[in-house]
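The residues making up each chain are set out below.
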Amino acid sequence: MAARAAEHVSAAVRDAGGPFTIGLAGGSTPTETHRLLARADIDWSNVSLWLGDERWVPHDDPDSNAGMARRTLAGAVGAEVVAPDTSLPTPAEAAADYERRLQEIWVERDGIAAPDLVMLGIGDDGHTASLFPGTAALGETERSYVENWVADKGVWRLTATLPLLWSARTLLFVVVGEAKAGVVGEIIDDDVPYPAHLVSSRAADVIWVLDSAAASRLGRV
Ligand code: 6PG
């Protein structure tokens, strides 16, 4: 599964043949894919890495997605992670600052500057990035990156919004484990409007990489 995900990313970078951006997912699933990408034949000098979401913690915090990306991939390949500045005074300022900086890295193709490939995970509640069910960020229709209060966790998150994810050229969902099988089946087979379904249903191009456990409830495989 991780090898399949790494193959998709490697092929996309090679096909681009030049500057390319990759949005990284947080959490635990990506680490194996990152480990394989770190050994792949990729010219990382052309690649900008950014984060589909970030926790409101310092980069040296164990929960930091920027820290995980640097430890598992960017540090090994010498690539830069363009990450939110969580040292700014508020989540709102950090989200606005990051939104501005992201505009600088999108590669323009056919006159359109947009994210190239965005890797995403899914939680067992159907969230993706930090678009959690019932949270305000799901209602954002203009901005591309926002602060998001996640009441169920009692934390601030910074997250790509639906408009930004829909503007990406490719979304790559990587989902592992039996715990996600139910929500994966509801999203892919039953169109249950979880945040991950809202994201995938209007995306330009979606690739699902699932292990057999996460795919075990799918009717049409
Ligand atoms: C985060 C992620 C989040 C993650 C899912 C799955 O910051 O936590 O971006 O959307 O992809 O929660 O997490 P696991 O891979 O740890 O199951």
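Notes on the structure follow. (Residues numbered from 1 in each chain as written. Predicted model: local features only at pLDDT ≥ 70, side-chain atom pairs only at ≥ 80, totals over all residues. Heavy atoms only, no water.)

**Section: the nonpolar core**
Considering soluble globular proteins, one finds that nonpolar side chains tend to be buried as a cluster.
Consideration 1: Counting residues in hydrophobic clusters, the biggest one holds 63 residues, and the most contacted among them are Ile22, Trp44, Leu49, Trp50, Leu51, Tyr145 and Leu172.
Consideration 2: Every residue in contact with isoleucine 22, bar those within four places of it in the chain, is listed here: Val9, Val13, Trp44, Val47, Ser48, Leu49, Trp50, Leu117 and Met119. (Core = buried A, V, L, I, M, F, W, Y, C linked by side-chain atoms within 4.5 Å. Buried < 20%, exposed > 50% of the residue type's maximum accessible area, 1.4 Å probe, protein only. Contact = heavy atoms within 4.5 Å.)

**What to know about the sheet that holds strand S8 (residues 145–150)**
Consideration 1: Here we have three strands laid out as an open sheet, ordered S3-S9-S8, and antiparallel in their pairing. At either end of the open sheet lies a strand with only one pairing partner, and these are strand S3 (53–55) and S8. Taken pair by pair, the neighbouring strands of this sheet meet at an average axis angle of 25 degrees, ignoring direction.
Consideration 2: Relative to strand S9 (residues 155–160), S8 runs antiparallel, the two being bridged by six bridges. Of the residues in S9, the one forming a bridge with tryptophan 149 is tryptophan 156.
Consideration 3: Here helix H4 (residues 91–105) sits on the sheet and contacts S8 and S9; the angle it forms with S8, its principal contact strand, is near 150 degrees. (Pairing = 2+ DSSP bridges. Helix = DSSP H or I, 4+ residues; strand = E, 2+ residues; numbered from the N terminus. Axes fitted to C-alpha atoms, helices over the stretch in contact; angles between N-to-C directions.)

**Describing the environment of tryptophan 56**
Consideration 1: Topologically, tryptophan 56 is positioned in the loop between S3 and helix H3 (65–77).
Consideration 2: The spatial distance from the C-alpha of tryptophan 56 to the C-alpha of asparagine 148 is 9.8 Å, given a sequence separation of 92 residues.
Consideration 3: Residue contacts for tryptophan 56: discarding those within four places in its chain leaves Asp85, Thr86, Leu88, Pro89, Thr90, Pro91, Ala94, Trp156 and Leu158.

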